[in-house]
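What follows is each chain in one-letter form.
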Amino acid sequence: MERAHTHTHKSDSSTQTTYPAPEILLGEGYSRGVDWWALGTFLYEMLEGLPPFYDEDINEMNRKILRCLPFCAAICVTHAERLIRRCV
C-alpha cells in the first residue's frame, strides 16, 4: 500500500514533498508523525487557503517549518487550531 503525500511536485528524477515534516528535513526518516504532519498541513490549507509556513523561498519555508512558529490566523476556530497543532 502506497502512502499518500500532500503537496508534491515532479522533478527531473523523482517526486519531492514540497511541505516536508520536520523529521524529514532533519533526515530522521519516515514515522507516523509525518502522516500527522500531512494531515495538519492539509487541514490548515483547507481553513486558510495556503499551507502553513508558506514562503515562495523554499529554504525560508523549511526554516519556518523547523522553527514551528505559530501560524493560525483568526479564521481558525479554537478546536480546529488545537487539532492542527497536535498534528503539526
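Residues numbered from 1 in each chain as written. Predicted model: local features only at pLDDT ≥ 70, side-chain atom pairs only at ≥ 80, totals over all residues. Heavy atoms only, no water.

So, about the confidence of the model for the protein. With 70% of its residues at a pLDDT of at least 70, the protein reaches an overall mean of 75. Within the protein, the lowest mean pLDDT, 39, falls on strand S1 (residues 8-10), and the highest, 92, falls on helix H1 (residues 22-25). Counting interchain partners and residues more than four positions distant, the pLDDT-below-50 stretch residues 1-16 has 23 contacts. (pLDDT = per-residue confidence, 0-100. Helix = DSSP H or I, 4+ residues; strand = E, 2+ residues; numbered from the N terminus. Contact = heavy atoms within 4.5 Å.)

We now examine helix H4 (residues 78-87). The complete set of buried residues in H4 reads Ala80, Ile84 and Cys87. Taken around the axis of H4, the buried residues stretch over an arc of 60 degrees, which confines them to a single face. Turned more than 90 degrees away from the buried face of H4 sit His79 and Arg86, all of them exposed. Along its buried surface, H4 packs onto helix H2 (32-48). (Buried < 20%, exposed > 50% of the residue type's maximum accessible area, 1.4 Å probe, protein only. Arc of directions from axis to C-beta.)

Now for the side chain of Asn62. Along the polypeptide, Asn62 turns up in helix H3 (residues 58-67). On the accessibility criterion, Asn62 (17% relative accessible area) is buried. With residues up to four places along the chain from it excluded, the contact list for Asn62 reads Pro20 and Leu25.

The next subject is unusual backbone geometry. The backbone of Phe53 sits at a positive phi, close to 65 degrees, despite the residue not being glycine. Secondary-structure assignment places Phe53 in the loop between H2 and H3.

A surface patch of nonpolar side chains, amounting to about 420 Å² of accessible area, comprises Trp36, Leu39, Phe42 and Met46. Here Leu39 is to be found in helix H2. (Patch = residues over 30% accessible without salt bridge, like charges linked within 9 Å, V, L, I, M, F, W, Y side chains within 5 Å. Areas by Shrake-Rupley, 256 points an atom, 1.4 Å probe, with all protein chains shown as cover. Salt bridge = Lys/Arg side-chain N within 4 Å of Asp/Glu carboxyl O.)

Look at H2: 24 Å from first C-alpha to last across 17 residues, which is about the 24 Å you get at 1.5 Å a residue. Turning to H2, its buried residues are Val34, Trp37, Ala38, Gly40, Thr41 and Tyr44. Along the long axis of H2, the arc covered by the buried residues comes to 165 degrees, so they all point the same way. In H2, those exposed residues whose orientation departs by more than 90 degrees from the buried face are Arg32 and Met46. Those residues of H2 that are buried lie in contact with H1, H3 and H4. Backbone geometry just after H2 places Gly49 at a positive phi near 95 degrees. (Expected span 1.5 Å × (residues − 1).)

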